[in-house]
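Read off the chains here:
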Amino acid sequence: MSMKKVISIPVFAVIISLLAMVNSSGQMIDVGKLKAMKFRSIGPAGMSGRVTSIDAVITNPDVIYVGTASGGLWKSESGGIRWKPIFDQQPIMSIGAVAVDQNNPDVIWAGTGEGNPRNSQSSGAGVFKSLDGGKNWSFMGLEKTKAIHRIIVDKQNSHIVYVAALGSAWGPNSERGVYKTLDGGKTWNKILFVNDETGCADLVVDPTNPNKLLAAMWEYGRKPWTFRSGGKGSGLYVTFDGGETWKRRTDKDGLPKGDLGRIGLAISHSKPKIIYALVEAEKLGLYKSIDGGFKWKKVSDKNVGNRPFYYADIYVDPQNENRIYNLWSYTSLSEDGGKTFRTILDYRKGVHPDHHAFWIDPNNPN
């Protein structure tokens, strides 16, 4: 793509030049005549930045919600043909997670603060909730969590919601980890916390057991000149009682030895005992459990992604436990349970690299 270099003189420069001429000539000028001169945008075109989260109404998949890194939340009621912004009146435009309450699809949850902490990441200001499909929003707290990458609504009880908070990318803070509400967001309990540099990078729930969740905890930190991914605080945790107690999985269970970095999680809806974990370690690898998360085994470390601190989102076909979509600079697909991946989307197909969000219709996985 070629670009023509356009040189333009800003309006304020013109005004300064006019005033300078007035002063040099000693004559007065009618400033009122300058009122028609207004600042205007000359580019680059505005954009929403990265798409960070996608959810849709399962009973009506034409209704789609898309959260963006710096452009708010968008809604389509036409299957993605037309879009409208629905979050512009709120105090923050960085969206990290969006979740539809499938029990009542008019209820939408939005977690602010992008969960992909590169140097252009924008921090958030907590959780928001809409009762009318995004027309109006209420602030529901957790304003100091800074970045939220996942929200899970209990499919059996809409009052129960889980939030995976990464915390501040730019320094330690204690408002990070996994939060849970039992009253629709009126009050929150922090149910998993490791330390003030470790947040929750991913959270999944067993589709057959709403009390069983897996959390990927990630120790990380960003400074203007560098980034640190991984540390003693990182690890994979499992709960069977809705977050009352957690058990950490380690190298004794088949995960990599040493300090871990970011972990992406995906659980099969057709066979929930099959769970995948994309684990940043000394070498990035895809790990698989076939017993519901007790034991793990590496299945591949080739073509599974790049820049794991930035890309850690994997998704399983809801009706085929062996079909895995892996989002990174490109998008790759495995159809053999993660043993091999082939690239299905790259820049040569006309789509800019960097992929962070995906949605699969559970009733039509194609």
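This section reports on the structure supplied with the text. All values reported here derive from a predicted model rather than from experimental measurement. (Residues numbered from 1 in each chain as written. Predicted model: local features only at pLDDT ≥ 70, side-chain atom pairs only at ≥ 80, totals over all residues. Heavy atoms only, no water.)

The next subject is the overall build of the protein. What the protein contains, in helices and strands, is 1 helix and 25 strands. Along the first, second and third principal axes, the C-alpha atoms of the protein reach 85 × 45 × 40 Å. The proportion of buried residues among the 366 residues of the protein is 51%. Of all intrachain contacts in the protein linking residues separated by at least 6 positions in sequence, the fraction that spans at least 24 positions is 47%. (Helix = DSSP H or I, 4+ residues; strand = E, 2+ residues; numbered from the N terminus. Buried < 20%, exposed > 50% of the residue type's maximum accessible area, 1.4 Å probe, protein only. Contact = heavy atoms within 4.5 Å.)

On to the packing of aromatic side chains, then. Enumeration according to the criterion identifies 15 aromatic pairs in this entry. When the centroid spacing of 6.2 Å and the interplanar angle of 55 degrees are considered together, the rings of W218 and F227 count as tilted. Between Y325 and F358 the ring centres are 4.8 Å apart and the planes differ by 35 degrees, which places this aromatic pair in the tilted class. A residue pair is termed long-range when its members are at least 10 positions apart, and Y325 in strand 23 (residues 320–327) and F358 in the segment after strand 25 (342–345) qualify at 33 residues. Judged by its relative accessible area of 24%, F358 falls in the partly exposed class. Clustering of aromatic rings is evident, with ring pairs tying together W218, Y220, F227, F309, Y310 and Y311. Cation over ring: K190 sits above F193, and NZ or CZ is 4.3 Å from the ring centre. (Phe/Tyr/Trp six-rings, centres within 6.5 Å; stacked < 30°, edge-to-face > 60°. Lys NZ or Arg CZ within 6 Å of the ring centre and 35° of its normal.)

Moving on: the side chain of D154. For D154, the position within the fold is in the loop between strand 9 (148–153) and strand 10 (161–165). Of note is the side chain of D154, whose polar atom sits 2.7 Å from the backbone nitrogen of Q156. (Polar contact = N/O pair within 3.5 Å; in protein donor to acceptor, adjacent residues only side chain to side chain.)

Right, let's get into the sheet that holds strand 23. In a beta sheet, neighbouring strands are held together by backbone hydrogen bonds and run either parallel or antiparallel to one another. Strand order in the open sheet formed by 4 strands is 22-23-24-25, and the pairing between neighbours is antiparallel. The open sheet has two edge strands with one neighbour each: strand 22 (313–317) and strand 25. Within the sheet, the average angular offset between the axes of one strand and its neighbour, ignoring direction, is 30 degrees. Pairing of strand 24 (residues 331–334) with strand 25 involves 3 bridges; the strand directions are antiparallel. Its bridge partner being in strand 25, S332 is matched across the sheet by T343. (Pairing = 2+ DSSP bridges. Axes fitted to C-alpha atoms, helices over the stretch in contact; angles between N-to-C directions.)

Counting across every chain of the model gives 18 salt bridges. Where R323 meets E335, a salt bridge forms, and the shortest distance between an N and an O atom there is 3.3 Å. Residue R323 is found in strand 23, and its partner E335 is found in the loop between strand 24 and strand 25; the two are separated by 12 residues along the sequence. Taking the relative accessible area as the measure of exposure, E335 reaches 43% and is therefore partly exposed. (Salt bridge = Lys/Arg side-chain N within 4 Å of Asp/Glu carboxyl O.)

Moving on: unusual backbone geometry. Excluding glycine, a negative phi dihedral is what most residues carry, and trans is how most peptide bonds are arranged. In this structure, K146 is a non-glycine residue whose phi angle is positive, near 70 degrees. Mapped onto the elements of the fold, K146 is located in the loop between strand 8 (138–139) and strand 9. Residue classification places K146 among the partly exposed positions, given a relative accessible area of 32%. The phi dihedral of N303 is positive, around 55 degrees, even though this residue is not glycine. Of note, N303 is situated in the loop between strand 21 (297–300) and strand 22. Looking at N303, the relative accessible area reads 32%, which means it is partly exposed.

Moving on, we come to the layout of surface pockets. Vacant regions in the atomic arrangement are exposed by a probe of water-molecule size rolled over the atoms. Of the voids in this model, the largest pocket is the one considered here, and its volume is about 1200 Å³. Lining the largest pocket are 39 residues, and of these D55, I152, V205, H269 and W359 lie nearest its centre. Among the elements of the structure, strand 1 (51–57), strand 5 (95–100), strand 9, strand 13 (198–206), strand 18 (263–267) and strand 22 are those that each provide at least two residues to the lining of the largest pocket. Classifying every residue of the lining of the largest pocket by side-chain character gives 27 nonpolar, 6 polar and 6 charged. What lines the second largest pocket is a set of 20 residues, and nearest its centre among them are V51, V351, H352, D354 and H355. (1 Å grid on protein atoms, 1.4 Å probe; cavity = no way out; pocket = protein on both sides within 12 Å on 5 of 7 lines; lining within 4 Å. Points joined across faces, edges and corners; volume = space filled by probe spheres on them. Nonpolar A, V, L, I, M, F, W, Y, C, P; charged D, E, K, R; others polar.)

Before going further, it helps to spend a moment on the sheet that holds strand 10. In spatial order, the strands read 9-10-11-12; together these 4 strands make up an open sheet with antiparallel pairing. At either margin of the open sheet sits one strand with a lone partner, and together these are strand 9 and strand 12 (189–192). Along the sheet, successive strands turn relative to each other by an average axial angle of 25 degrees, direction set aside.

This brings us to the pairing of strand 13. Taken residue by residue, a regular strand's side chains alternate between the two faces of the sheet. In terms of burial, strand 13 is a largely internal element, 8 of the 9 residues being buried. Here strand 13 pairs with strand 14 (residues 209–223) via 8 bridges, running antiparallel. Residue C200 lies in a different strand from strand 14, and its bridge partner there is M217.

This paragraph deals with the side chain of R262. Position of R262 relative to the elements: it lies in the loop between strand 17 (247–249) and strand 18. This buried residue, R262, is left without a salt bridge; D313 holds the nearest opposite charge, at 5.0 Å. A polar contact of 3.4 Å, which involves the side chain of R262, links it to the side chain of H149. One polar contact links the side chain of R262 to the main-chain carbonyl oxygen of F309, over a distance of 2.7 Å. (Lys, Arg positive; Asp, Glu negative; His and termini not counted.)

So, about the environment of S270. In this structure, S270 sits in the loop between strand 18 and strand 19 (275–279). Ignoring any residue separated from it by four or fewer positions in sequence, one finds S270 in contact with P318, Q319, N320 and E321. A polar atom in the side chain of S270 sits 3.2 Å from the side chain of S268.

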